[in-house]
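A look at the structure
Chain residues, written in single-letter form:
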Amino acid sequence: QVQLVESGGGLVQAGGSLRLSCAASGRTLGDYALGWFRQAPGKEREFVGAISRSGGSTYYADSVKGRFTISRDAAVNTVYLQMNSLKPEDTAVYYCTADPIFTARYSDSQIWDYWGQGTQVTVSS
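Residues numbered from 1 in each chain as written. Predicted model: local features only at pLDDT ≥ 70, side-chain atom pairs only at ≥ 80, totals over all residues. Heavy atoms only, no water.

1. Quick look at unusual backbone geometry
We note that asparagine 77 has phi near 55 degrees; this positive angle belongs to a residue other than glycine. For serine 85, which is not a glycine, the phi torsion comes out positive at approximately 50 degrees. Structurally, serine 85 can be placed in the loop between strand S8 (78-83) and strand S9 (92-99). Taking relative accessible area as the criterion, serine 85 reaches 41% and is therefore assigned partly exposed. (Helix = DSSP H or I, 4+ residues; strand = E, 2+ residues; numbered from the N terminus. Buried < 20%, exposed > 50% of the residue type's maximum accessible area, 1.4 Å probe, protein only.)

Spelled out as structure tokens, the structure:
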């Protein structure tokens with residue numbers, strides 16, 4: 001099993017940037033496709049982005065496309081979510097997730113096996 005720990009959340013003004021990190025232990029991240037989801041108060045968990053096991057393919061929700069970038073660093077067994085041009089509607093708890101199988105249903109939270117504990121991102125207007 002892989003254990004995931006997110007970090008890097010915080011409070012930022014609209015238009016600012018944050019980089020979230022998700023460190024893995026127990027297994028190498030190269031064995032997994034990786035994803036980011038977020039959940040705002042009173043809302044369902046929603047897909048943010050995903051990256052394939054090789055890192056060669058990335059996918060993003062339309063709401064973050066062009067502003068957020070997912071990357072992975074095998075040397076430190078970590079996946080990142082670079083968030084630029086942040087908006088108040090990006091405020092949520094952000095979760096890192098992993099699964100050994102990458103399918104076309106990557107935007108469905110139900111298919112992902114492993115989850116971190118989440119990190120809070122708050123964007124003020």
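That covers the picture; the talk isn't over yet.
2. Looking at the state of the cysteines
Per the stated rule, a full pass over the model turns up one disulfide. Residue pairing for cysteine 22: its cysteine sulfur links by disulfide to cysteine 96, the two sulfurs lying 2.1 Å apart. When the S-S torsion is -80 degrees, as for the bridge of cysteine 22 with cysteine 96, the disulfide is left-handed. Remark: cysteine 96 occurs in strand S9 and cysteine 22 occurs in strand S3 (residues 18-25); sequence separation between them is 74 residues. The burial state of cysteine 22 is the same as that of cysteine 96; both residues are buried. (Disulfide = S-S within 2.5 Å.)

3. A look at the pairing of S9
Where burial is concerned, most of S9 is hidden: seven out of the eight residues are buried. Sheet topology note: the S9/strand S11 (residues 119-124) ladder contains three bridges and is antiparallel. Its bridge partner being in S11, alanine 92 is matched across the sheet by valine 121. Pairing of S9 with strand S10 (residues 114-115), which is carried by two bridges, proceeds in the antiparallel orientation. (Pairing = 2+ DSSP bridges.)

None of this, on its own, says anything about what the molecule does.
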